[in-house]
Each structure stands twice: as structure tokens, then as C-alpha cells.
Amino acid sequence: VLILKRTGMRTALVTTLALAGLAVSVQSASAAHYIGLHLAALNGHAQPTIWFVDRTDASWPVTAAADEWNRSSRLTVGRRAECPHPGDYCPPVHQVNNSNFYGRTFRPLNADLTHISRFNFYIELSNSTPSTRRRSVACHEEGHALGLEHRQPADSCLRADNVFPNLPDAHDFNQLYSAYGHSH
Ligand SMILES: [Zn+2]
Ligand SMILES: [Zn+2]
């Protein structure tokens, strides 16, 4: 299980564990922005497709963040109230009470250790997040769900320090374009 934990200070560690329970790597927040983990194209979709199944209240901009990531020409990203097609990626986005982080993404891998699993794949967004940072945190965690890691300094929501840009930047979209340029 890959756990990307974002703390208030964003001094989070990234811990990667294979489904088998083996530790693959432990990296600091300065790890590469992309380490090869990505979504597969399931269910006959022409490109990888992911629906964030929104379990949060209106204070969390899950929709706005998904619409922003959907600008990637090589992914279909949306927010839905329920999973529209069983078998698609449909990670629930939960709203939780936990003062230890703003948001975190549980991102298990398939046995190939490359493609993200549909199972036990979810996001938690914490009520401890100040309202002015929720746009950034929603963008950040959804970015992890697409396979992106931390990057800084950058004018990107994938930063993991005390700066909270609301949006992805051009580099994020270039990285997705390159990461998803193969047949899955
Ligand atoms: Zn993070
Ligand atoms: Zn692939």
C-alpha cells in the first residue's frame, strides 16, 4: 500500500509498500515527481479513466480539482456521486477527523508493481485543513491518485511544503502526457 501523507507542515514521507507487503522504497518529499506508477486503461476505455466518488461535504472542492486534472488530454478524470461503471477506477474521497494530516491517498499497486489497483484505493481529506487550503489539498491528493509525486519548488499543488498553490502547473500536465503516452 502506498501512503502519501500530507501533514500541516508538508514534511511528509512517502512510503511505498508492495501489495505483498515488501518495502519497495522510502523516499523524502523531494523524490522524483513521477516514479512510474500509473493508472491502467480499464473496461475498454480508450484511455485511463478515474472517477473520484465524492463523500465529502460542499467545503471540499473535489469537483473543481477533478475538472482541472481532466484538462490532461491522456486521462479522463471526473467527480461522481457514485461509481458510474463497476470496474472503473472509483476511489472514494472520504472526509475524516484527523489532526495529523490535511489529506492522504492510499494507492495500492497491482501485482506488476506499476499499475495502480482499483482495490483499497481511496483518498482521505481531513477536517483539520483550513478552508483556504482545501483547493490545494484536493488538487494535491487527486494528483497522487493519477500517479504524480511531490515536486518543489513549483507553482503546483503537488508541492509538499508550506506553500499551497491551488492548481497543477504546466509541468504536471507535461508529466502526465509523457507518463500516459503508452498503451496500457
Ligand atoms: Zn503528497
Ligand atoms: Zn501502463
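Below, the structure is looked at part by part. Here the structure is a predicted model, which means the values were calculated and not measured.

Parameters and conventions
- Residues numbered from 1 in each chain as written.
- Chains lettered and ligands numbered in written order.
- Predicted model: local features only at pLDDT ≥ 70, side-chain atom pairs only at ≥ 80, totals over all residues.
- Heavy atoms only, no water.
- Helix = DSSP H or I, 4+ residues; strand = E, 2+ residues; numbered from the N terminus.
- Buried < 20%, exposed > 50% of the residue type's maximum accessible area, 1.4 Å probe, protein only.
- Contact = heavy atoms within 4.5 Å.
- Donors = N, O, S within 2.8 Å, 3.2 Å for Na, K, Ca; no water.
- Salt bridge = Lys/Arg side-chain N within 4 Å of Asp/Glu carboxyl O.

## Thoughts on the overall build of the protein
Looking only at helices and strands, one finds three helices and eight strands in the protein. In the protein, the order of α-helices and β-strands from amino to carboxyl end is β-β-β-β-α-β-β-β-β-α-α. Across the 184 residues that make up the protein, the buried fraction comes to 52%. Relative to all contacts within the protein whose residues are 6 or more apart in sequence, the contacts with residues 24 or more apart total 70%.

## Concerning the coordination of the zinc ion (ligand 1)
Coordination of the zinc ion (ligand 1) by the protein comes from His140 (NE2), His144 (NE2) and His150 (NE2), over a distance range of 1.9 to 2.1 Å. Look at where the donors of the zinc ion (ligand 1) fall in the sequence and you get H-x3-H-x5-H. Placement of the pair is His140 and His144 together in helix α2 (residues 134-145), with a separation of four residues, close to one helical turn. With respect to class, His140 is no different from His144; both count as buried.

## Some remarks on the coordination of the zinc ion (ligand 2)
Summarising the metal site, the zinc ion (ligand 2) is bound by the protein donors His38 (NE2), His115 (NE2) and His182 (NE2), whose distances to it range over 2.1 to 2.2 Å. The class for His182 is partly exposed, based on a relative accessible area of 33%.

## Structural notes on the pattern of salt bridges
In the structure shown here, the tally under the stated rule is nine salt bridges. The partner of Asp172 in a salt bridge is Arg151, with the nearest N and O atoms 3.3 Å apart. With a gap of 21 residues between them, Asp172 in helix α3 (residues 170-179) and Arg151 in the loop between α2 and α3 connect regions that are remote in the sequence. Residue classification places Asp172 among the buried residues on the basis of a relative accessible area of 0%. Overall, Arg151 belongs to the buried group, its relative accessible area being 16%. Across the pair Arg159 and Asp161 runs a salt bridge, and its minimum N-O distance is 2.5 Å. In terms of burial, Arg159 and Asp161 fall into one category: buried. Linked through salt bridges whose partners overlap, the residues forming this network are Glu68, Arg71 and Arg135.

## Some words on the environment of Asn110
Mapped onto the elements of the fold, Asn110 is located in the loop between β7 (103-106) and β8 (122-126). A sequence separation of 70 residues divides Asn110 from Ala40, and the C-alpha atoms of the two residues are 9.9 Å apart.

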